[in-house]
Number of protein chains: 2
Amino acid sequence: MKVGIAGYGNLARGVEAAVTKADDMDLVAIFTRRDPATVSVATDTPVYAWDDMAGMADQIDVMVLCGGSATDLPEQTPQLAKLFNVVDSFDTHANIPQHFANVDAAAREAGTIGVISCGWDPGLFSVARLYASAALPNGADYTFWGRGVSQGHSDAIRRIPGVADARQYTVPVPEALEAARSGENPELTTRQKHTRECFVVAEEGADLAAIEEAIVTMPTYFSDYDTTVTFISQEELNANHAGLPHGGTVIRSGHTGLADEFADTIEFSLTLDSNPFFTGSVLASVARAAYRMRQDGQIGARTMFDIPPALLSPLSAEELRAHLM
Amino acid sequence: MKVGIAGYGNLARGVEAAVTKADDMDLVAIFTRRDPATVSVATDTPVYAWDDMAGMADQIDVMVLCGGSATDLPEQTPQLAKLFNVVDSFDTHANIPQHFANVDAAAREAGTIGVISCGWDPGLFSVARLYASAALPNGADYTFWGRGVSQGHSDAIRRIPGVADARQYTVPVPEALEAARSGENPELTTRQKHTRECFVVAEEGADLAAIEEAIVTMPTYFSDYDTTVTFISQEELNANHAGLPHGGTVIRSGHTGLADEFADTIEFSLTLDSNPFFTGSVLASVARAAYRMRQDGQIGARTMFDIPPALLSPLSAEELRAHLM
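Since the structure is predicted, the reported quantities are computational estimates derived from the model, not experimental observations. (Residues numbered from 1 in each chain as written. Chains lettered and ligands numbered in written order. Predicted model: local features only at pLDDT ≥ 70, side-chain atom pairs only at ≥ 80, totals over all residues. Heavy atoms only, no water.)

With that settled, consider the packing of helix α2 (residues 72-81) of chain B against helix α3 (residues 96-110) of chain B. All names here are of chain B. With their axes 7 Å apart at the nearest point, α2 and α3 run at an angle of 20° to one another. Taken as axis vectors, α2 and α3 run roughly parallel relative to one another. Between α2 and α3 lies a crossing of right-handed hand. When α2 is examined against α3, the residues L73, P74, T77, P78 and A81 are found in contact with a partner set consisting of H99, N102, V103, A106, A107 and A110. When grouped by side-chain class, the residues that make up the contact of α2 with α3 number eight nonpolar, three polar and no charged. (Axes fitted to C-alpha atoms, helices over the stretch in contact; angles between N-to-C directions. Helix = DSSP H or I, 4+ residues; strand = E, 2+ residues; numbered from the N terminus. Parallel < 35°, antiparallel > 145°, perpendicular 65-115°, else oblique. Left-handed = near helix turned anticlockwise from the far one by under 90°. Contact = heavy atoms within 4.5 Å. Nonpolar A, V, L, I, M, F, W, Y, C, P; charged D, E, K, R; others polar.)

Below is the structure:
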């Protein structure tokens, strides 16, 4: 199957690596809205201008969209679904129903398939929540993120006057993890579940106290959390905080038995050196499934909830039953 | 949807509780090979003789088979698939391909659907291995079981002359779990991964040393493991070892990145007060999916690898996208 990538940033580098390493996929094109001559990619994949896409519909089985959820994907996924089978990682949870409807309409009209909101959250974590709630209907869910870098929170700090650079780590509170595992279904507040650690490079002569105050009182991003701010040099940030590690844990605890007499806990967790490279690897497996669903005659929007897991694997159904069941 | 249960033991009690508690399912019949008058069930579900099944095909949407994998299910699942949509928990891993073929032939001929090998291993653990291997193709899998009661190993001890009763716990070795999580993909031997703890009630005057020797040298079951044998009274066994707790952990560790430069770990774990009640709860969710797949026109054998996870849940696709994605 022939795969294309639309947009070339961190996530696209992850998709590029995963598709390149998969024996059953060829990465045939990377599209950019920048001047292709200025974009240097990690493999020898040809780079094309965004507007070249329209003429290449017959050369690409699945297009993996690597833009952002704020402004890129709400426009791009429905648009590109008119030309290609598409996969995206749209992660604005509250807007997933609307995005699904937009992609579904475009894909049905064009006779393509569009799988939205793939990756790990939404994605593998969503699937873990679904299996856990189906297996243990009488229970409660908890999702913890981190320890890992939140790019959105890091960006929010960088927009504060006097800040030269910043890295924000989301950190689950160990006591909250234990409470979720306990089976007692505690109600946990935002503040009880996660803390936020900020490493900030200030501009020369900036007012550090004002920066710290601006961070810890920032609504939505920080004011509901116990937040620590540590000022460091650009050198230290580059040396110790260059990576994009992430991960997290989905926990469901609940009860079985006619009288709810048995307590059970289900847990799914990820520890990732590189958030975008792992997410890219998940997107590559979903591209395989999208191709197979389209080959099977399906059209319209899908999420990972709709994908039989066997379709994600390069192994045949027989191999899976013999070796992974 | 109307559900039947074929065979009434521990697992059936779990299915009975789960189906009874599901708003979208009615448990309409329990079938037994014993005299129905002698079988007392936990709910007010009517109990029928095994041979009554044939006349009730139109009253049951899905039959959940609760027999054993050694001799019951290889016969029963293909046989009952001629009359009903069926779900089983066949767990002899090596024979899954043959069992699948037998059920597939019977179900295709009858126009029914048969989902085999459901539960947690095989079942949710299989699905966890599949998602993890698809997301992280360059890696290695580890499955640990326990701490929990192995009924097969407990039975094997009970067959030793001089043994009145026994309970065997399978226990994962903490150092092996850590090694699997390390991302170094160690090769772990059977002995390194699990230990076996045996609690044995001896008959009056039995030769304890001979019993212990018979246990620890028993091929397949114990000789490849570090096994401890503790003799206790029947009262102590009844008081402290009456339950059937189990659980385990599936770990996949591997690498992403063009040069395998990023290490990732994926982990799925279960901690269960009651193995049969949790397994029964999973079977109930699969019965729901089987019914929906049949409604959709599908026939033949399936495993949980073939089931889009959305079909397991009582929630609609819209609700799932809005609340669990």
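Our focus in this paragraph is empty space enclosed by the protein. If you walk through the whole model with that rule in mind, you get one cavity of 30 Å³ or more. The space that makes up the largest cavity amounts to roughly 120 Å³. Only α4 (124-135) of chain A together with α4 (124-135) of chain B provide two or more residues apiece to the lining of the largest cavity. The biggest single contributor to the lining of the largest cavity is α4 of chain B, with five residues. Taken together, the residues that form the lining of the largest cavity break down as eleven nonpolar, no polar and no charged. (1 Å grid on protein atoms, 1.4 Å probe; cavity = no way out; pocket = protein on both sides within 12 Å on 5 of 7 lines; lining within 4 Å. Points joined across faces, edges and corners; volume = space filled by probe spheres on them.)

This brings us to the sheet that holds strand β3 (residues 47-49) of chain A. Residue and element names in this part refer to chain A. With respect to topology, seven strands assemble into an open sheet ordered β3-β2-β1-β4-β5-β6-β14, the strand pairing being parallel. For this open sheet the edge positions go to β3 and β14 (300-302), each flanked by a neighbour on one side alone. Neighbour to neighbour, the strand axes of the sheet diverge by 25° on average, direction disregarded. Across two bridges, the pairing between strand β5 (residues 85-87) and strand β6 (residues 113-115) is parallel. Bridging from a neighbouring strand, V87 pairs with V115 of β6. Along the sheet face, helix α2 (residues 72-80) touches β1 (2-6), β4 (62-65) and β5 and points at about 175° away from the line of β4. Docked against the sheet, helix α3 (residues 96-110) engages β6 and β14, running at close to 140° with respect to β14. (Pairing = 2+ DSSP bridges.)

Quick look at the interface of chain A and chain B now. If you look at the interface, chain A gives 63 residues, while chain B gives 63 residues. At the boundary of chain A with chain B, total buried surface from both sides reaches about 5,300 Å², with 67% on carbon and sulfur atoms. The tally of links from chain A across to chain B stands at two salt bridges. For K21 of chain B, the salt bridge is made with D260 of chain A, and the minimal N-O distance between the two is 2.3 Å. Along the contact surface separating chain A from chain B lie 25 residue pairs in polar contact (both at pLDDT 80 or more). Mapped onto the side of chain A that touches chain B, the elements with two or more residues apiece are α1 (10-21), α3, α4, β13 (262-272), α10 (275-295) and α11 (317-323) of chain A. When residues in the side of chain A that touches chain B are grouped by element, the largest group, eleven residues, is from β13 of chain A. Its residues assigned to classes, the side of chain A that touches chain B comprises 35 nonpolar, 17 polar and eleven charged. (Buried area = accessible area lost by both parts, 1.4 Å probe. Salt bridge = Lys/Arg side-chain N within 4 Å of Asp/Glu carboxyl O. Polar contact = N/O pair within 3.5 Å; in protein donor to acceptor, adjacent residues only side chain to side chain.)

Quick look at the relation of the copies chain A and chain B now. When chain A is fitted to chain B, the residual RMSD is 0.0 Å, and the transformation amounts to a turn of 180° plus an axial shift of 0.0 Å. Interpreted geometrically, this transformation is the action of a two-fold axis. Looking at chain A, 100% of its interface residues are interface residues in chain B too, so the copies touch through the same face. (Least-squares fit on C-alpha atoms with pLDDT ≥ 70 in both.)

All names here are of chain B. If you walk across this open sheet you meet the seven strands as β3-β2-β1-β4-β5-β6-β14, and the pairing is parallel. Only two strands of the sheet have a single neighbouring strand rather than two, namely β3 (47-49) and β14 (300-302). Pairwise comparison of adjacent strand axes, ignoring direction, gives a mean angle of 25° for this sheet. In this structure, strand β1 (residues 2-6) lies alongside strand β2 (residues 26-32), joined through five bridges in parallel fashion. Note on β2: the bridge partner recorded for A6 is F31. Strands β1, β4 (62-65) and β5 (85-87) of the sheet are contacted by α2, whose axis makes an angle of about 175° with β4. Each of β6 (113-115) and β14 is contacted by α3, which is oriented at about 140° to β14, the strand it contacts most.

This next bit is on the layout of surface pockets. Residues and elements named next belong to chain A. Estimated volume of the second largest pocket: approximately 1,600 Å³. For the second largest pocket, the lining is made up of 48 residues, of which D91, D121, S150, G152 and N275 are closest to its centre. Examining the composition of the lining of the second largest pocket, we find that four residues originate from one element, helix α5 (residues 151-158), more than from any other. Grouping the constituent residues of the lining of the second largest pocket by class yields 15 nonpolar, 23 polar and ten charged.

All right, on to the side chain of S269 of chain A then. Among the secondary structure elements, S269 of chain A is positioned in strand β13. The contacts of S269 of chain A, once residues within four sequence positions are left out, are G248 and T249 of chain A together with T265, I266 and E267 of chain B.

A few words on the pairing of β4 of chain A. Residue and element names in this part refer to chain A. The two faces of β4 match: V62 and V64 on one face and M63 and L65 on the other face are all buried. Pairing analysis gives four bridges linking β1 to β4, with the strands arranged parallel. Bridge pairing in β4 places A6 opposite L65. The pairing of β4 with β5 spans three bridges and is parallel. (Buried < 20%, exposed > 50% of the residue type's maximum accessible area, 1.4 Å probe, protein only.)

Function cannot be read off these values alone, since they describe shape.
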